[in-house]
Structure formats: structure tokens, C-alpha cells
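Each chain, written out:
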Amino acid sequence: MRIGVDIDILTLPNPYTGIPNYLRHLANGLAQFKPDVAHFYLLSRRQVYENDILPAHVSPVVVRWPLGWGWQSVVLPCAAWWLRFDLLHMPAFAVPPFVPCPVVVTVHDLAYLTHPEWCREETVSYLSRRVPRALRKASAVITPSAFVRDEVVRCFGVPTERIHPILHGVSPAFRVLPKEEVTDTRQEMGLPERFLLYVGTIEPRKNLLGLIQAFGQAVAQGLDHSLVIAGAKGWKCTDIYALPRQLGLEHRVLFPGYVPGNLLPALYNAATIFVYPSLYEGFGLPVLEAMACGTPVVASNVSSLPEVVGEAGILVNPLDKDELASAILVLASNEGMRQDLSRKGLEWAAQFSWERTAQETVRVYETCSNHATRDLCRGPAKA
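Calculation rules
- Each residue is numbered by its place in its chain's sequence as written, counting from 1.
- Given that this is a predicted model, residues contribute local features only at a pLDDT of at least 70 and side-chain atom pairs are listed and counted only at 80 or more, while totals for whole chains, interfaces and linings are drawn from all residues.
- Side-chain measures here rest on the full set of heavy atoms in the structure, leaving out hydrogens and waters.
- Note on conventions: DSSP H or I runs of at least 4 residues are helices, E runs of at least 2 residues are strands, and numbering of each starts at the N terminus.
- In this scheme, a residue with accessible area under 20% of its type's maximum is buried, one over 50% is exposed, and one in between is partly exposed, where area comes from a 1.4 Å probe on protein chains only.
- It only takes one pair of heavy atoms within 4.5 Å for two residues to be counted as in contact.
- Only the protein chains shown count as cover for residues, and all accessible areas are computed by the Shrake-Rupley method using a 1.4 Å probe.
- Positive: Lys, Arg. Negative: Asp, Glu. His and the chain ends are not part of the count.
- Positions of charges follow a simple convention, taking NZ of Lys, CZ of Arg, CG of Asp or CD of Glu.
- For this document, the term salt bridge refers to a Lys or Arg side-chain nitrogen within 4 Å of an Asp or Glu carboxyl oxygen.
- Centre distance within 6.5 Å is the pairing criterion for rings of Phe, Tyr and Trp, where only the six-membered ring of Trp is used; planes under 30 degrees apart are then read as stacked, over 60 as edge-to-face, and the remainder as tilted.
- Both a distance and an angle decide whether a charge sits over a ring: NZ of Lys or CZ of Arg must be within 6 Å of the ring centre and within 35 degrees of the ring normal.
- In predicted models, pLDDT denotes the confidence assigned by the predictor to each residue on a 0 to 100 scale.
- Helix span is expected to be 1.5 Å times the residue number reduced by one.
- Only the contacting stretch of a helix is used when fitting its axis, a line to C-alpha atoms as for every element, and angles between N-to-C directions run 0 to 180 degrees.
- Put simply, a crossing is left-handed when the front helix is turned counterclockwise from the back one by less than a right angle, and right-handed when it is turned clockwise.
- Each residue gets one label: Ala, Val, Leu, Ile, Met, Phe, Trp, Tyr, Cys and Pro are nonpolar, Asp, Glu, Lys and Arg are charged, and the others, such as Gly, are polar.
- For classification purposes, angles smaller than 35 degrees are called roughly parallel, those larger than 145 roughly antiparallel, those between 65 and 115 roughly perpendicular, and all remaining angles oblique.
- DSSP-based pairing: two strands are paired if at least 2 bridges between them are found.

Q: What am I meant to see in the overall build of the protein chain here?
A: When helices and strands are tallied, the protein chain shows 14 helices and 13 strands. In terms of its C-alpha atoms, the protein chain occupies a principal-axis envelope of roughly 65 × 40 × 40 Å. Across the 383 residues that make up the protein chain, the buried fraction comes to 55%. Residue pairs in contact within the protein chain that sit at least 24 positions apart in sequence constitute 66% of those at least 6 positions apart. In the form shown here, the protein chain has an accessible surface area of approximately 16,800 Å², with 52% of it arising from carbon and sulfur atoms. Distance between charge centroids for the protein chain: 7 Å, based on 35 positive and 36 negative side chains.

Written as C-alpha cells, this is what we have:
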């Protein structure tokens with residue numbers, strides 16, 4: 001097989017969060033396959049990988065395309081024809097209007113459609129045009145969870161057999177670390193000894209106003225921890241940064257900003273509890289990373305998060321601040337419960353790997369590129 005993968009999103013400034021993070025790990029996973037499985041072509045308009053660090057069956061293809069338009073509509077179809085692809089994987093919602101081979105598309109969530117109030121207007125506009133076409137044209141659709149698969153079926157009528165839920169993995173870097181390393185990192189970051197942790201973009205969908213309010217209730221009932229909200233600024237985040245002062249919690253709620261990937265494992269290790277009250281997630285990777293570090297988790301009971309947490313954490317209604325505050329208080333005061341959830345989280349997270357994600361993705365490639373089994377992909381959906 002000759003498989004093309006559009007990795008141009010990795011040329012963005014920060015390829016370590018969200019969709020770029022998924023794609024980076026997927027590309028690295030493809031490089032671990034034996035040469036007789038497939039030849040993978042990683043396409044981008046700027047250099048992402050050096051040729052000498054990849055095995056012979058993985059070829060970075062840099063197309064110096066200077067225009068702001070035409071990457072999907074011109075460059076990728078031409079590359080697919082010139083390089084004789086058996087299949088092209090588009091990992092971020094959209095597919096070219098024409099391409100001379102089967103296409104697999106990854107749809108990470110449908111928040112733009114089901115909850116447009118949590119998305120930027122330009123995102124809603126772009127995805128409203130691209131996603132329906134992608135679902136019509138793609139031979140197969142990959143989603144990061146069964147939750148997103150079910151939303152695609154419900155909203156677009158795509159046959160279930162054409163959709164492949166493939167869960168994300170967790171990097172081996174996220175693990176239990178020596179206490180000395182954790183303490184050193186915590187002190188370097190200027191963080192207190194006892195704190196709750198959130199990691200992710202600072203934006204309305206993450207329900208951080210609700211988290212800060214629930215934290216305030218817990219503090220009023222005797223909680224002696226701080227709250228660390230780590231992540232890059234998103235959109236509509238002014239109220240989030242202002243709320244701690246309004247509640248008199250400005251010295252207890254800390255915003256260290258975006259935390260580099262090399263420091264994240266120690267940050268997770270240092271936290272007493274990881275709290276993730278998001279209102280909507282296609283997957284929710286920070287929850288899995290926290291569990292892999294042995295940190296007990298409190299998360300929302302909505303969207304994909306029950307799939308990610310399983311029985312290894314506490315699930316709460318993210319809109320019920322009393323329930324969230326109660327879960328935080330109970331867990332912070334009960335060391336035995338924390339140890340039990342830490343053990344369960346480690347066991348659960350050990351089942352998730354990017355290697356498995358890559359293996360399951362290649363199975364989809366094989367199904368859709370093999371003429372003898374192409375009917376299994378069912379062709380274009382009537383979405």
C-alpha cells in the first residue's frame with residue numbers, strides 16, 4: 001500500500017495540543033510498522049521531519065506551496081495522483097473536493113454543530129461547509145470515541161459500519177515519577193505543595209467558571225488546597241481570569257499558562273487531584289494523562305469522558321457545582337480513596353497506547369485500499 005497522510009497541521013506554532021498532538025503521535029506510530037505493511041508519505045508545505053530520522057518506508061514530502069489557499073483542493077489531489085496513493089488520510093475534518101483514490105477522514109467532534117456557542121464563528125463556518133462533504137466523500141470515518149461515532153450517525157445518518165472509533169493513546173512519558181523530580185519541578189514552577197489541577201485550553205467549553213465556583217464552595221467548607229488552571233488562553237476567557245478576584249480567591253487560584261510537554265508529567269504527579277469538568281469532549285486526553293501519572297481524577301459524566309475514565313475515576317454532573325464541590329472535598333480528605341483511584345487509574349491507562357491507535361488506523365487503511373474488500377467501506381454516505 002502507498003498511503004498519504006496530510007500532516008500540514010504540524011507546521012503550526014504549537015503541535016503539542018489537540019489535533020496536532022493526535023497527528024504527531026499517529027505519524028510516529030506509523031513509523032514503527034514493518035516496511036512490508038505499507039509505504040507512508042507524510043505531506044506538508046514546510047519541513048516537519050528530517051529524512052534521516054525516519055525509516056525507509058516513511059517519506060516526508062514537502063511541497064513548497066506559497067499560497068494561502070489550495071493545499072487541500074490542488075496540492076493533495078496532485079500529490080495523490082503523482083505518487084500513486086492507494087489511500088489518502090485527512091486527519092482533521094476536511095477532504096479535498098476531488099482526489100484520485102479512497103479517502104479516510106478523522107472527525108474529532110461535532111461541537112461546531114451541536115454546541116456552536118462554544119466555538120469561534122469562523123470555526124463553525126468552516127466546519128459547517130467541510131464536514132458534511134467529508135462525510136459524503138470519505139470511504140471511512142475515524143472518530144476518537146464511540147460518543148463521536150454516535151453523534152455522526154445521529155446528525156448525518158452515516159452508516160455505523162463506515163465509522164471506526166479509535167481511542168487515543170497516552171505517551172510513556174506520562175508515568176509515576178520519583179518524588180524528588182516532582183518536588184523540584186513544582187518548586188521551579190512556584191506552585192504550592194497541595195493543589196487541584198486542570199490542564200487544557202482556557203475557554204468556555206471547559207466549564208472553568210463552574211470549576212472555580214465549585215472550588216470556592218469547597219474552600220468555604222474547609223478545603224486547604226489551591227487550584228492550578230494550566231493551559232494556553234483560548235477565546236472568551238476574560239471572565240475566567242477575573243472570577244477568582246471577584247470571589248476573593250485570587251491567591252488560591254493560579255494560572256501558570258501553557259506548560260511545555262516536558263514538564264507536564266511532573267505537574268500531573270504533583271497534584272492531589274486532577275479535575276476536568278468539561279462540558280463537551282471528543283476524547284479528553286488530559287484525563288488519561290493524569291491517570292497514567294497516578295493522579296486521582298474527577299471528571300464530567302458527559303460526552304466522551306465516561307469512556308475515557310471508565311471505572312477509574314469519579315464522574316460528576318458538570319453543571320451541578322454542589323456535586324463537583326462535594327466530590328473534591330471527599331477525595332481531598334480521604335487518602336485511602338485517593339490511593340484506590342490512583343491504582344485503578346494506572347491500571348486503566350495502561351490499556352491505552354499510541355501504538356494501538358496506529359495499528360487500528362492501519363487496519364482501516366487496509367480495508368479501504370484493498371479492492372477485494374472495498375465494499376466493506378460502503379462507498380459514499382447519503383449524508
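Q: Quick question: what am I supposed to make of the pattern of salt bridges here?
A: Counting across every chain of the model gives 11 salt bridges. Of the charged contacts, one joins Arg154 and Glu151 as a salt bridge, the two residues approaching to 3.3 Å between their closest N and O atoms. Within this pair, Arg154 and its partner Glu151 are both found in helix H5 (residues 146–156), separated by three residues, close to a single helical turn. Asp340 is paired through a salt bridge with Arg343; the nearest N and O atoms lie 2.6 Å apart. Taken together, the positions of Asp340 and Arg343, both in helix H13 (residues 335–349) and three residues apart, correspond to about one turn of that helix. Note on Asp340: relative accessible area 28%, which makes it partly exposed. Residues joined by salt bridges that share partners form a network here, namely Glu203, Arg205, Lys206 and Glu281.

Q: I tried to follow the packing of aromatic side chains on my own but got confused; where do I start?
A: In this description, a pair of aromatic rings is defined by centroid distance and the angle of the planes. This model, assessed by the stated rule, comprises 11 aromatic pairs. Both rings, one in Phe147 and one in Tyr280, keep their centres 5.5 Å apart while their planes meet at 70 degrees; by these two values the pair is edge-to-face. With a gap of 133 residues between them, Phe147 in helix H5 and Tyr280 in the loop between strand S11 (273–276) and helix H10 (285–292) connect regions that are remote in the sequence. The exposure class of Tyr280 is buried, given its relative accessible area of 2%. Among the aromatic residues, ring-to-ring pairing joins Phe174, Tyr198, Tyr268, Phe274 and Tyr276 into one connected group. For the cation-ring pair, Lys233 lies above Tyr241, with the distance from its terminal atom to the ring centre recorded as 5.2 Å. It is Arg356 that lies over the ring of Phe352; its NZ or CZ is 5.7 Å from the centre.

Q: How should I be thinking about the confidence of the model for the protein chain in this particular structure?
A: As a note on interpretation, predicted positions should not be read in detail where pLDDT is low. Looking at the protein chain, pLDDT values average 92 and 95% of them are 70 or higher. This model gives residues 371–376 a pLDDT under 50, and the stretch forms eight contacts once residues within four places in sequence are excluded. Confidence drops under pLDDT 50 across residues 378–383; counting only partners more than four residues distant or on other chains, this segment forms 15 contacts.

Q: Explain helix H1 (residues 18–30) to me, please; I cannot follow it from the model alone.
A: Each turn of an α-helix holds 3.6 residues, which means side chains three or four residues apart point in the same direction. A rise of 1.5 Å per residue sets the reference length of H1, with its 13 residues, at 18 Å; its end C-alpha atoms lie 19 Å apart and thus fit the reference within 8%. Within H1, 10 of the 13 residues are buried, leaving the element largely enclosed by the surrounding structure. Where H1 is concerned, the buried positions are Pro20, Asn21, Tyr22, Leu23, Arg24, His25, Leu26, Ala27, Gly29 and Leu30.

Q: Quick question: what am I supposed to make of the packing of H10 against H13 here?
A: A pair of packed helices can be characterised by two numbers: the angle between their axes and the separation between those axes. Here H10 crosses H13 at 115 degrees, and the two axes come no closer than 7 Å. In terms of crossing hand, the pair formed by H10 and H13 is left-handed. Within the contact between the two elements, H10 uses Leu288, Met291 and Ala292 and H13 uses Gly345, Leu346, Trp348 and Ala349. Per-class residue counts for the contact of H10 with H13 are six nonpolar, one polar and no charged.

Q: Can you help me understand the packing of H1 against helix H14 (residues 354–369) in this one?
A: Look at H1 against H14: their axes get within 8 Å of each other, and the N-to-C directions meet at 75 degrees. In terms of orientation, H1 lies roughly perpendicular with respect to H14. The residues of H14 that touch H1, namely those facing Tyr22, His25, Leu26, Gly29 and Leu30, are Trp354, Ala358, Thr361, Val362 and Tyr365. Residues that form the contact of H1 with H14 fall into these classes: seven nonpolar, three polar and no charged.

Q: Help me out: how do you make sense of the sheet that holds strand S3 (residues 58–62) in this one?
A: Remark on secondary structure: sheet strands pair via backbone hydrogen bonds, oriented parallel or antiparallel. In space, the seven strands of this open sheet follow the order S3-S2-S1-S4-S5-S6-S7, with parallel pairing throughout. In this open sheet, the two strands that pair with only one neighbour each are S3 and strand S7 (163–165). Across the sheet, the axes of successive neighbouring strands diverge by a mean angle of 20 degrees, strand direction being ignored. Alignment of strand S5 (residues 103–106) against strand S6 (residues 140–143), held across three bridges, turns out to be parallel. Each bridged residue has a counterpart across the sheet, and for Val105 the counterpart in S6 is Val141. Together, strand S1 (2–6), strand S2 (39–44), strand S4 (87–90), S5, S6 and S7 form the strand contacts of H14, whose direction differs from that of S4 by roughly 140 degrees.

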